[in-house]
Amino acid sequence: MELIRAHVWVSGRVQGVAYRISAAKIATHLGLMGWVRNLPDGGVEAVFEGEEAAIESMLRWCHEGPPEAIVEQVRASYETPEGLRSFNIRR
């Protein structure tokens, strides 16, 4: 199994709408490792590591987010996986 890593930045109305909590639940359900956090500019940053198909599903979700979110932009870059072993919400 080949692991990939996506580093993601999401902008729009993505804070105060349970975006981080929802992202963590979806990522865990998909078997992904990584983290998600709010940014000072009102956006959200996340790292997802796992199988390519799961990463693709997660990125599709990132464009929608939870029901109250209004996602304007999702940027992703691919990096070398670090072998993360859990998924965390960072503060």
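Definitions and limits used
Residues numbered from 1 in each chain as written. Predicted model: local features only at pLDDT ≥ 70, side-chain atom pairs only at ≥ 80, totals over all residues. Heavy atoms only, no water. UniProt positions renumbered as here; feature names shortened; annotations may be inferred. Helix = DSSP H or I, 4+ residues; strand = E, 2+ residues; numbered from the N terminus. Contact = heavy atoms within 4.5 Å. Buried < 20%, exposed > 50% of the residue type's maximum accessible area, 1.4 Å probe, protein only. Polar contact = N/O pair within 3.5 Å; in protein donor to acceptor, adjacent residues only side chain to side chain. Core = buried A, V, L, I, M, F, W, Y, C linked by side-chain atoms within 4.5 Å.

Student: It is not clear to me how the UniProt feature "active site" (unreviewed entry) in the chain should be interpreted in this structure. Could you clarify?
Tutor: Feature annotation in UniProt places "active site" (unreviewed entry) on Arg-20 and Asn-38, given in this structure's numbering. Judged by maximum C-alpha separation, these annotated positions cover 19 residues in sequence but sit close together in space, the widest gap being only 7.6 Å. Looking at where Arg-20 falls in the secondary structure, it is placed in helix 1 (residues 19-29). When near neighbours in sequence (up to four residues on either side) are disregarded, Arg-20 contacts Val-36, Arg-37, Asn-38, Ile-89, Arg-90 and Arg-91. As for its position among the elements, Asn-38 is in strand 2 (residues 33-38). Overall, the relative accessible area of 30% leaves Asn-38 in the partly exposed class. Other than its neighbours up to four places away in sequence, Asn-38 contacts Gln-15, Arg-20, Gly-43, Val-44 and Arg-90. Side-chain polar atoms of Asn-38 contact the side chain of Arg-20, separated by 3.5 Å.

Student: What exactly am I supposed to notice about the nonpolar core here?
Tutor: One recurring pattern in soluble globular proteins is that nonpolar side chains are buried together. Formed by 24 residues in total, the largest nonpolar core has its most connected members in Val-8, Tyr-19, Phe-48, Met-58 and Cys-62. For this core, the secondary-structure elements that each account for two or more residues are strand 1 (3-13), helix 1, strand 3 (44-51) and helix 2 (52-64). With six residues, helix 2 is the largest single contributor of residues to this core. Contacts of Val-8, omitting those with residues within four sequence positions, involve Val-44, Glu-45, Ala-46, Phe-48, Leu-59, Cys-62, Val-74, Arg-75 and Ala-76.

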